[in-house]
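# Observations on chain architecture
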Amino acid sequence: AQKITQTQPGMFVQEKEAVTLDCTYDTSDPSYGLFWYKQPSSGEMIFLIYQGSYDQQNATEGRYSLNFQKARKSANLVISASQLGDSAMYFCAMRERAGNMLTFGGGTRLMVKP
Amino acid sequence: NAGVMQNPRHLVRRRGQEARLRCSPMKGHSHVYWYRQLPEEGLKFMVYLQKENIIDESGMPKERFSAEFPKEGPSILRIQQVVRGDSAAYFCASSPGQATNEKLFFGSGTQLSVL
């Protein structure tokens, strides 16, 4: 079974608007962490934001925020005031306490229109 | 403070040759991970190593693939007798620990092309 599901293969957003990238996960481990990474066309993986399963508040990092709904097992990434440089692949990932690695979703390609 | 260093950036091999991919983790990081990425897909876990030990190789193909992280020197991912299906981007990542909040720091990847 997929542990991390990203249902949007591609998304368009108008520059300066906000966009939400969806991520749902599946785990029976009560302790886990959720991560978002950005991969621009150059290929490197850039860490964006982290949310712990016990965190009471949604994580925020600049223009990035994480809409964490634990009961629904979703961890959507919200990018506010989109910029052209935000065009990239975005990956959601999870790390379970009992596991040894980050497990990645299939990614969402975001394209920002001028 | 150098990040995770991978080399080579691009590697071309003919079918049947060997490919060696190198990864130097960030200073102070003793946990190394290797991932493989096919075009337009997510990263697939291959192997997790600590110094001189393979901790989890559940994502490694049973044949032709091996990994090491010696006491001195970089981590090496070795692919013997490469086939066209091995063509992919191979990413190395490192972290200082294994807690659930430990993010992975990634290298720029090695793009392997098998002719």
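The notes below deal with the structure included here. As the structure is a computational prediction, the values presented were derived from the model and not from experiment. (Residues numbered from 1 in each chain as written. Chains lettered and ligands numbered in written order. Predicted model: local features only at pLDDT ≥ 70, side-chain atom pairs only at ≥ 80, totals over all residues. Heavy atoms only, no water.)

## A few points about the overall build of chain B
Going by this rule: Numbering of helices and strands starts at the N terminus; helices are DSSP runs of H or I of at least 4 residues and strands are runs of E of at least 2. To get the radius of gyration, use the C-alpha atoms; to get the globule rule, take the number of residues to the power 0.38 and multiply by 2.2 Å. Note on contacts: a residue pair qualifies if any of its non-hydrogen atoms lie within 4.5 Å across the two residues.
In terms of helices and strands, chain B carries 0 helices and 11 strands. Reading the helices (α) and strands (β) of chain B from amino to carboxyl end gives β-β-β-β-β-β-β-β-β-β-β. In terms of overall dimensions, chain B is globule-like: its C-alpha atoms have a radius of gyration of 13 Å, near the 13 Å expected for 115 residues. C-alpha atoms of chain B, sized along the principal axes, occupy 40 × 25 × 25 Å. In chain B, of all internal contacts separated by at least 6 residues, the share reaching a separation of at least 24 is 53%.

## Description of the state of the cysteines
The following threshold applies: When two cysteine sulfur atoms are found within 2.5 Å, that pair is recorded as a disulfide. To sort residues, take the accessible area from a 1.4 Å probe on protein chains only and compare it with the maximum for the residue type: under 20% means buried, over 50% means exposed, and anything in between is partly exposed.
By the definition in use, this model includes 2 disulfides over all chains. The side chain of Cys23(A) participates in a disulfide bridge whose partner is Cys92(A); the two sulfur atoms lie 2.0 Å from each other. Here the disulfide of Cys23(A) and Cys92(A) is left-handed, its torsion about the S-S bond being about -65°. Of this pair, Cys23(A) sits in the loop between strand S3 (19-21) and strand S4 (24-25) while Cys92(A) is found in strand S10 (residues 88-96), placing the two residues 69 residues apart along the sequence. Accessibility assignment for this pair places Cys23(A) and Cys92(A) in one class, buried. Between the sulfur atoms of Cys23(B) and its disulfide partner Cys92(B) the distance amounts to 1.8 Å. Linking Cys23(B) and Cys92(B), the disulfide has an S-S dihedral of approximately -55° and is accordingly described as left-handed. Linking Cys23(B) in strand S3 (residues 19-24) with Cys92(B) in strand S9 (residues 88-95), this pair joins segments that are 69 residues apart in sequence.

## So, the pairing of strand S9 (residues 74-79) of chain A
Look at any regular strand and the pattern is simple: side chains alternate between the two faces of the sheet. All names here are of chain A. Filter applied, for reference: Strands pair, by our definition, only if DSSP identifies at least two bridges between them.
Of all the 6 residues making up S9, 5 are buried; the element is thus mostly covered by neighbouring parts of the structure. In the sheet, S3 pairs with S9 via 3 bridges, with the strands oriented antiparallel. Following the sheet pairing, Thr 20 is matched in S9 by Val 78. Connecting strand S8 (residues 64-69) to the next strand, S9, in antiparallel fashion are 4 residues, including Lys 73 with a positive phi near 55°.

## A word on the pairing of strand S8 (residues 75-79) of chain B
Residues and elements named next belong to chain B. Among the 5 residues in S8, 4 count as buried, and that is most of the element. Where S3 lies against S8, 5 bridges are found, and the strand directions are antiparallel. Looking at the pairing, Arg 20 lines up with Arg 78 of S8. Here strand S7 (residues 65-68) runs beside S8; their pairing, made up of 4 bridges, is antiparallel. Within S8, the residue paired with Phe 65 across the bridge is Ile 79.

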